[in-house]
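# A structural walkthrough
Residue strings, one per chain:
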Amino acid sequence: MGRSSDAQRHFEEALTMNERIGARVALAHTQHDYAAMLLARGEPGDRERAMDLLKASLESAREIGMRALEKRVAERLDELSGPSAPDDLTAREAEVLRLIAIGRSNADIATVLSISLNTVATHVRNILAKTGCANRTEAAAYAMRHGLAPH
């Protein structure tokens, strides 16, 4: 819905409540879901906070035997700690580039990432400038060459 500040407030309240009442299962799920929201939002500091939340969720999941959540969180952490994007692309720009490579329009990208159309356009301009691509088609080919898009 694009109301990330409201979501953040609700997640923080849920974390506090789950910790206070000792709801370890709910806490582990809340940490994971909050991290996913932060990663999707992509504001400064969100990635670092998300990594901390994911590590805490993984630890809890392992301690109490939540195998499905443990697998999901471990996979997400592996994805995030993978190789960095080439040409100094930010994580969000790499995400936008992946969506360009699969043929998504700016409007589709805005919807998928819950960001404004203007923000998408800014990311696309930055991607083209950083990669030296002249257009979206070249950017999609660039993504394929650098392993940023599905084959």
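Please refer to the structure placed before this passage.
Residues numbered from 1 in each chain as written. Predicted model: local features only at pLDDT ≥ 70, side-chain atom pairs only at ≥ 80, totals over all residues. Heavy atoms only, no water.

Tallying each qualifying case throughout the model produces 1 aromatic pair. The interplanar angle of 10° and the centroid separation of 5.0 Å between the aromatic rings of F11 and Y34 together place this pair among those described as stacked. Pair noted here: F11 is in helix α1 (residues 4–21) and Y34 is in helix α2 (residues 24–41), with a separation of 23 residues, a long-range link. Of the residues examined, F11 reaches a relative accessible area of 19% and is grouped as buried. (Phe/Tyr/Trp six-rings, centres within 6.5 Å; stacked < 30°, edge-to-face > 60°. Helix = DSSP H or I, 4+ residues; strand = E, 2+ residues; numbered from the N terminus. Buried < 20%, exposed > 50% of the residue type's maximum accessible area, 1.4 Å probe, protein only.)

Our next topic: the pattern of salt bridges. In the structure shown here, the tally under the stated rule is 12 salt bridges. The closest approach of N and O atoms between R24 and E63, which form a salt bridge, is 2.7 Å. Residue R24 is found in helix α2, and its partner E63 is found in helix α3 (residues 46–64); the two are separated by 39 residues along the sequence. Given a relative accessible area of 39%, R24 falls into the partly exposed group. One salt bridge in this structure joins R67 and E70, with 3.1 Å as the shortest N-O distance. One end of the pair, R67, and the other, E70, are both in helix α4 (residues 67–80), 3 residues apart, so they sit about a helical turn from each other. With a relative accessible area of 57%, R67 lands in the exposed category. Each of R3, D6, R9 and E13 takes part in salt bridges that share partners, so that together they form one network. (Salt bridge = Lys/Arg side-chain N within 4 Å of Asp/Glu carboxyl O.)

From the geometry alone we can't say anything about function, so treat these as descriptive.
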